[in-house]
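Tertiary structure, described
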Amino acid sequence: IEKLEEEVRQKAKIDKENAEIARKNREYDKAIGLMKGENSNNYAQAKKIFQSLSGWKDSDERKAECDRIIHELVAKEKELKAEKEQQEELARKKAEESARKTKLVLKIATPIFIVGIIFVVILTSVIIPNNKYNEAIKLMDAGEYKTAIARFEKLNGHKDSEEKIVECKNILNE
């Protein structure tokens with residue numbers, strides 16, 4: 001019976017050791033699985049697992065490898081962040097420059113546009129009617145009263161064109 005009890009204890013001890021080996025292998029495989037890609041958090045988890053498995057297989061070497069890769073990834077992440085910030089700053093400066101140029105163009109173009117509108121208004125309401133009025137006066141002075149009347153009528157009351165129409169008609173009726 002004692003021999004049987006000893007065999008049972010030995011079997012239980014071996015089963016316990018095998019269970020521990022299986023657990024360590026699962027943890028080890030899990031850590032190996034985490035050591036993929038470029039996520040520093042995954043490597044940090046793997047490092048923690050390897051640390052808990054110190055002395056098991058090549059866990060100590062894998063922990064050191066995780067440390068090295070974490071260091072590289074963190075440096076790379078910092079570099080990418082700095083590059084992104086630099087690009088954002090460059091984009092912000094370009095936007096500011098574009099806005100400044102737009103303001104400058106508007107500061108120059110707006111007065112030119114306003115002067116253009118004023119010129120068109122003056123041209124159409126003063127200069128052209130005055131020229132037509134002066135042409136009608138020349139026709140009247142040249143004795144071409146019917147043509148002068150037609151020109152004065154087109155002026156729609158500009159200056160004293162209505163009086164000039166009456167004057168031309170009076171001269172024609174004499």
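Here's a quick rundown of the structure. For clarity, every value in this text was computed on a predicted model and none was experimentally measured.

Comments concerning the overall build of the protein chain
Tallying secondary structure elements over the protein chain gives 5 helices and 0 strands in all. The helix and strand sequence of the protein chain, counted from the amino end, reads α-α-α-α-α. Its C-alpha atoms give the protein chain a radius of gyration of 50 Å, clearly above 16 Å, the size a compact globule of 174 residues would have. Of all 174 residues assigned to the protein chain, the portion counted as buried reaches 18%. Summarising the internal contacts of the protein chain: among those between residues at least 6 apart in sequence, 43% fall at separations of at least 24. Total accessible area on the protein chain stands at roughly 13400 Å², and carbon and sulfur atoms take up 56% of it. Each charge class in the protein chain can be summarised by its mean position, and for the 35 positive and 33 negative side chains these summaries are 1 Å apart.

Some details on the packing of helix α3 (residues 59-141) against helix α4 (residues 145-154)
Running from amino to carboxyl end, α3 crosses α4 at an angle of 160 degrees, the nearest separation of the two axes being 8 Å. One element, α3, and the other, α4, form an angle in the roughly antiparallel class. Pair α3 / α4 crosses with left-handed handedness. Across the interface between the two elements, Y133, E135, A136, I137, L139 and M140 from α3 touch Y145, T147, A148, R151 and F152 from α4. By residue class, the composition of the contact of α3 with α4 is 8 nonpolar, 1 polar and 2 charged.

Quick word on the packing of helix α1 (residues 2-34) against helix α2 (residues 40-52)
In the contact formed by α1 and α2, the axes pass within 8 Å of each other and the chain directions differ by 155 degrees. When the axis of α1 is compared with that of α2, the two are roughly antiparallel. Along this stretch, α1 crosses α2, giving a crossing that reads as left-handed. Along its contact with α1, which presents E27, Y28, K30, A31, I32 and L34, the element α2 presents N42, Y43, Q45, A46, I49 and F50. A per-class count over the contact of α1 with α2 returns 8 nonpolar, 2 polar and 2 charged.

Cut-offs and rules
Residues numbered from 1 in each chain as written. Predicted model: local features only at pLDDT ≥ 70, side-chain atom pairs only at ≥ 80, totals over all residues. Heavy atoms only, no water. Helix = DSSP H or I, 4+ residues; strand = E, 2+ residues; numbered from the N terminus. Rg over C-alpha atoms; globule rule 2.2 N^0.38 Å. Buried < 20%, exposed > 50% of the residue type's maximum accessible area, 1.4 Å probe, protein only. Contact = heavy atoms within 4.5 Å. Areas by Shrake-Rupley, 256 points an atom, 1.4 Å probe, with all protein chains shown as cover. Lys, Arg positive; Asp, Glu negative; His and termini not counted. Charge placed at Lys NZ, Arg CZ, Asp CG, Glu CD. Axes fitted to C-alpha atoms, helices over the stretch in contact; angles between N-to-C directions. Parallel < 35°, antiparallel > 145°, perpendicular 65-115°, else oblique. Left-handed = near helix turned anticlockwise from the far one by under 90°. Nonpolar A, V, L, I, M, F, W, Y, C, P; charged D, E, K, R; others polar.

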